[in-house]
Amino acid sequence: PTGKSPGGGAKPKAVLCFICGKEFGTTSISIHEVQCAKKFEAQQALLPEGQRKPLPARPDAGEGASLEERNKAAQEAYEEQVMVPCPGCGRTFSGQDRMQIHMKGCKAAQAMPGNGIRD
């Protein structure tokens, strides 16, 4: 029993990346994180200085934390350090560019004075 039965048994263990929020296998997450960090930094370098974010800090779930606890800490780090909230409605996006597109149709953002959408 490997935990991966062909009939759809137990789901293989997956680890959440704290940088991109995607799931990876336990053996590939360390390789992925190195590449993901490089990609994140390259994407940030393309943004104007005022919009750049630092590389997210690896969350510390504590010694002996379960996979579920580690994934929860990674999800929280991703949401707090990477996602960009709409100032009107609070919905979050993976980047400033996605949030700007959203704001064009966001009624809450359009109602805000000085939002620059209709100026």
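The structure reproduced in this document is the subject of the present report. Numbering of residues begins from 1 in every chain and follows the order in which that chain's sequence is written. Per-residue local features are limited, in this predicted model, to residues with pLDDT of at least 70; the limit for side-chain atom pairs, both in listing and counting, is 80 or more; totals at the level of whole chains, interfaces and linings are taken over all residues. The side-chain numbers reported here are obtained from all heavy atoms of the structure, hydrogens and water having been left aside.

### Considerations on the layout of surface pockets
In step 1: A 1.4 Å probe that fits into a set of points on a 1 Å grid over the protein atoms alone but cannot get out defines a cavity; an open set with protein on both sides within 12 Å along at least five of seven lines defines a pocket, and lining residues are those with an atom within 4 Å of a point. Grid points are joined across faces, edges and corners, and a volume is the space filled by probe spheres set on the points. When its volume is computed, the largest pocket comes out at roughly 570 Å³.
In step 2: Around the largest pocket sit 20 residues that line it, and Phe40, Gln43, Gln44, Val82 and Ser94 are the ones nearest its centre.
In step 3: What counts as a helix is a DSSP run of H or I of at least four residues, what counts as a strand is a run of E of at least two, and both are numbered from the N terminus. Looking at the lining of the largest pocket element by element, the count peaks at 7 residues for helix α1 (residues 29-45).
In step 4: Taken together, the residues of the lining of the largest pocket break down into 8 nonpolar, 8 polar and 4 charged.
In step 5: The set of elements that each furnish at least two residues to the lining of the second largest pocket consists of β1 (14-16), α1 and α2 (67-81).
In step 6: Sorting elements by how many residues they give to the lining of the second largest pocket places α2 first, with 4 residues. Gly counts as polar in this scheme, as do all residues outside two lists: the nonpolar Ala, Val, Leu, Ile, Met, Phe, Trp, Tyr, Cys and Pro, and the charged Asp, Glu, Lys and Arg.

### A word on the nonpolar core
In step 1: Grouping buried Ala, Val, Leu, Ile, Met, Phe, Trp, Tyr and Cys residues that are joined through side-chain atoms within 4.5 Å yields what is termed a nonpolar core. Residue exposure (1.4 Å probe, protein chains only): buried if accessible area is under 20% of the type maximum, exposed if over 50%, otherwise partly exposed. In this structure, Cys17, Phe18 and Ile19 are the most contacted members of the largest nonpolar core, which totals 14 residues.
In step 2: If you list the elements that add at least two residues to this core, you get β1, α1 and α2.
In step 3: Looking at which element gives the most residues to this core, the answer is α1, with 4 residues.

### Considerations on the pattern of salt bridges
In step 1: Here a salt bridge means any side-chain nitrogen of Lys or Arg lying within 4 Å of a carboxyl oxygen belonging to Asp or Glu. In this structure the tally under the stated criterion is 2 salt bridges.
In step 2: Here arginine 58 makes a salt bridge to glutamate 33, at a shortest N to O gap of 2.7 Å. Placement of arginine 58 in the loop between α1 and α2 and of glutamate 33 in helix α1 is noted, with a sequence separation of 25 residues between them.
In step 3: Taking relative accessible area as the criterion, arginine 58 reaches 56% and is therefore assigned exposed.

### Some thoughts on the side chain of glutamate 33
In step 1: For glutamate 33, a relative accessible area of 13% translates into the label buried.
In step 2: In contact with glutamate 33, not counting residues within four places along its chain, are Cys17, Phe18, Ile19 and Arg58. Contacts are assigned to residue pairs with any non-hydrogen atoms lying within 4.5 Å of each other.

### Things to note about α2
An α-helical turn contains 3.6 residues, so any two residues separated by three or four positions project in the same direction.
In step 1: For a helix, the expected span equals 1.5 Å multiplied by the number of residues minus one. Taking 1.5 Å of rise per residue, 15 residues should cover 21 Å, and α2 covers 21 Å from first to last C-alpha, within 8% of that figure.
In step 2: Within α2, burial applies to Asn71, Ala73, Ala74, Ala77 and Tyr78. Seen from one end, α2 has its buried residues packed into an arc of 160 degrees, which puts them on one side. Summarising the geometry of α2, the exposed residues directed more than 90 degrees from the buried face are Glu68, Lys72 and Glu80. What the arc describes is the spread of directions from the helix axis to the C-beta atoms.

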